[in-house]
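Observations on the model geometry
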Amino acid sequence: MSADSAVTVLGLGPMGRALAGTFVAAGVRTTVWNRTPGRDGELVERGALRAASAAEAVAASDLTVVCVVDYDAADAVLRRADVAAALKGRTVANLSADTPARARDAAAWAADHGVRYLDGAIMTPTTTIGTPDGVFLHSGPRDLYDAHLPVLSALGGTHTHLGEDHGRAAAYDVALLDIFWTAMAGCAHALAVARAEGVTPEELAPFAKGIGAILPGAIESMAAGVAAGDFSGADNPITSSASSMRHIVATSEEHGIDAGVMRAAAGQAQRVIGLGYGTDGFTRIAELVAGRLAPAGATAGAGAVQG
Ligand code: NDP
């Protein structure tokens, strides 16, 4: 890290504090600001510089990292006239989470205001920041990314530039969190169903981790199947998946446990079967939800249904 490297961090929630603290520990001159005062005490004790306003904070560094709850919050900070003026000619790396469309809108605003702009997403929890386990995704101009990578690398982990389109990092983020949150919903539900059957969380956990360990292989084969248009279900037809899901719905509802998420997933599998693809694999659901699944035997493109 060069002796004159500097960064500003806007947003001192759990993630913003982890980022700022890691910059400080790496010897980067770190200026911090948060909408609600009082969240910077420990950071300042460790060497961060407290700014009295967001405009003062962004004027202190060539690179400003933003990490707030979403882009409504980021816009509320960045689009103030004094902040926008102070940012002119400087770089924002927005590591807040939101949709690809909001990321592109933020990039367009930045371009209109003479602000250089990188978008990004953090895919791992606060505890990984500053460790090899952190995963940071970036999108936007490659030369801008390369110019600021030395400072961003102080956060540890792996940094991947996904392309010039500012929406790319958020596109990965929403797709990856789609997997994460449905898995988390399943996990919370499973703990409730297991407990209703007298299985304690501690008893279930080792086996639940075993289920998690199956997912990497399933992800690889599903991705390969969707890429190749190969929906073969020779080893695991969707009729079998639907049957398994019905057992979960039945057991849940016998105990008065809401089975809404599983009912929705089972309903999708049932629609695939109803369209005549019962011997195909679960991957067919990707076609169904995209509205690209016509009844089996129908002319291609005709009769596609919305998932
Ligand atoms: P939050 O998502 O709760 O964000 C809190 C921060 O947002 C605080 O600095 C808060 O300021 C600020 N904020 C909220 N509303 C506004 C507003 N209207 N104007 C200005 N600032 C506002 O906590 P995290 O720090 O954990 O998350 C920050 C980002 O990092 C999110 O986009 C999150 O999805 C992402 N992330 C978080 C992870 C984690 O493990 N925590 C993991 C990966 C990504 P104030 O203190 O004033 O309320």
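What you see is a predicted model; the values in this text were computed from it and never measured.

Calculation criteria
Residues numbered from 1 in each chain as written. Predicted model: local features only at pLDDT ≥ 70, side-chain atom pairs only at ≥ 80, totals over all residues. Heavy atoms only, no water. Near = heavy atom within 4 Å. Polar contact = N/O pair within 3.5 Å; in protein donor to acceptor, adjacent residues only side chain to side chain. Helix = DSSP H or I, 4+ residues; strand = E, 2+ residues; numbered from the N terminus. Nonpolar A, V, L, I, M, F, W, Y, C, P; charged D, E, K, R; others polar. Buried < 20%, exposed > 50% of the residue type's maximum accessible area, 1.4 Å probe, protein only. Contact = heavy atoms within 4.5 Å. Expected span 1.5 Å × (residues − 1). Domains from an automatic or database assignment. Buried area = accessible area lost by both parts, 1.4 Å probe. Salt bridge = Lys/Arg side-chain N within 4 Å of Asp/Glu carboxyl O.

**Considerations on the site of the ligand**
Within the structure, the ligand sits among 21 residues, and M15, N34, T36, R39 and A97 are positioned closest to it. Between the ligand and L12, the relevant distance is 3.2 Å, taken from an oxygen atom to a main-chain nitrogen or oxygen of the residue. Here V69 contributes a backbone N or O atom positioned 3.1 Å from an oxygen atom of the ligand. For the shell around the ligand, the secondary structure elements donating two or more residues are α1 (14-25) and α4 (71-78). Ranked by residue count, the leading element in the shell around the ligand is α1, at 3 residues. Looking at side-chain class alone, the shell around the ligand contains 11 nonpolar, 8 polar and 2 charged residues.

**A word on the environment of R46**
With respect to the helices, strands and loops of the structure, R46 is situated in the loop between α2 (41-45) and β3 (49-50). The exposure class assigned to R46 is partly exposed, which follows from its relative accessible area of 44%. Ignoring anything within four residues of it in the chain, the contact list for R46 reads G21 and V24.

**Quick look at α1**
Between its terminal C-alpha atoms α1 stretches 16 Å, which fits the 16 Å expected from 12 residues at 1.5 Å a residue. Every buried residue of α1 is accounted for by M15, G16, A18, L19, A20, G21, T22, F23 and V24.

**Description of the domain arrangement of the protein chain**
By the assigned domains, the protein chain splits into domain 1 (6-165) and domain 2 (171-289). The C-alpha centroid of domain 2 is placed 36 Å from the C-alpha centroid of domain 1. Taken together, the contacts link 8 residues of domain 1 with 6 residues of domain 2. In total, domain 1 and domain 2 occlude about 520 Å² of area from one another, counting both sides; carbon and sulfur atoms represent 78% of this. The largest per-residue losses of area from domain 1 upon contact with domain 2 belong to P100, M123 and L162, which jointly make up 60% of the total buried on that side. Summed over the shared surface of domain 1 and domain 2, the number is 0 salt bridges. At the junction of domain 1 and domain 2, the tally comes to 0 residue pairs in polar contact (both at pLDDT 80 or more).

**What to know about the pattern of salt bridges**
Under the counting rule described, the total for this entry stands at 13 salt bridges. D146 is the salt-bridge partner of R142, the closest N and O atoms lying 3.1 Å from each other. Residue R142 and its partner D146 are both found in helix α7 (residues 142-152); the two are separated by 4 residues, about one turn of the helix. Accessibility expressed as a relative area gives 38% for R142, which makes it partly exposed. The closest approach of N and O atoms between E287 and R292, which form a salt bridge, is 3.6 Å. Since its relative accessible area comes to 15%, E287 is described here as buried. Here the salt bridges share partners, and the residues they tie into one network are D72, D75, R79, R102 and D105.

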